[in-house]
Amino acid sequence: KLYGVAIALARAHPAGLNHITDLYRMYADHLFSKGDYAGAMQQFMQTLGSLETSYVMRKFVDAGTPALPYLAEYLQAVHERRLAQTQHTTALLLCYIQLNRLADLRAFLSATSPSAPSFDVNA
């Protein structure tokens, strides 16, 4: 498919800027349907802040365990860009647990960044 060309054309034309999120979403959906979770996630990352995070989360949760590392990556980016809400934090913690990424879990829980949620890891 020519999604890359369509995205480049949309970026070059001011009227096309309104459609870039849709193009990234369609490209990501196409890659996702082929089982290319990594490629799909690269495209979904381009939509952060403009596409509902619940859309991406639902796709990757429904895909099961093979897609969880990519969901964790996405949720990390949501937090880094300060777009996270409670459901994002909960989903990220569950991903870390299911993936047995305990070091990432500990790092997240002990983060001291002003944008990070506050947790009492000693409780």
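Model, not experiment: these values are computed from the prediction.

(A) Just the pattern of salt bridges, in detail. Scanning the model with the defined rule gives four salt bridges in all. Its salt-bridge partner being R58, residue D62 comes within 4.0 Å of it at the nearest N-O pair. Here D62 and its partner R58 are both found in helix α4 (residues 53–63), four residues apart, which amounts to about one turn of the helix. Look at D62 and you get exposed, because its relative accessible area is 54%. On the accessibility criterion, R58 (55% relative accessible area) is exposed.

(B) Representation of the nonpolar core. Core analysis: the largest hydrophobic core is formed by 28 residues, its most contacted members being F44, F60, Y74 and L75. No other element matches helix α5 (residues 68–80), which puts seven residues into this core. In this view, F44 contacts R25, A28, D29, L51, Y55, V56, K59, F60 and Y74; residues no more than four positions away in its chain are not counted. In this structure, I7, I20, L23 and Y24 belong to the second largest nonpolar core, which totals five residues.

(C) How the structure looks around the packing of helix α3 (residues 37–45) against α5. In the contact formed by α3 and α5, the axes pass within 10 Å of each other and the chain directions differ by 15°. When the interaxial angle is binned, α3 and α5 end up roughly parallel. Of the two possible hands of crossing, α3 and α5 adopt the one that is right-handed. For the pair α3 and α5, the contacting residues are Y37, A38, M41, F44 and M45 in the first and Y70, L71, E73, Y74 and A77 in the second. Partitioning the contact of α3 with α5 into residue classes produces nine nonpolar, no polar and one charged.

Cut-offs and rules
Residues numbered from 1 in each chain as written. Predicted model: local features only at pLDDT ≥ 70, side-chain atom pairs only at ≥ 80, totals over all residues. Heavy atoms only, no water. Salt bridge = Lys/Arg side-chain N within 4 Å of Asp/Glu carboxyl O. Helix = DSSP H or I, 4+ residues; strand = E, 2+ residues; numbered from the N terminus. Buried < 20%, exposed > 50% of the residue type's maximum accessible area, 1.4 Å probe, protein only. Core = buried A, V, L, I, M, F, W, Y, C linked by side-chain atoms within 4.5 Å. Contact = heavy atoms within 4.5 Å. Axes fitted to C-alpha atoms, helices over the stretch in contact; angles between N-to-C directions. Parallel < 35°, antiparallel > 145°, perpendicular 65-115°, else oblique. Left-handed = near helix turned anticlockwise from the far one by under 90°. Nonpolar A, V, L, I, M, F, W, Y, C, P; charged D, E, K, R; others polar.

Any link to function would need more than the numbers given here.
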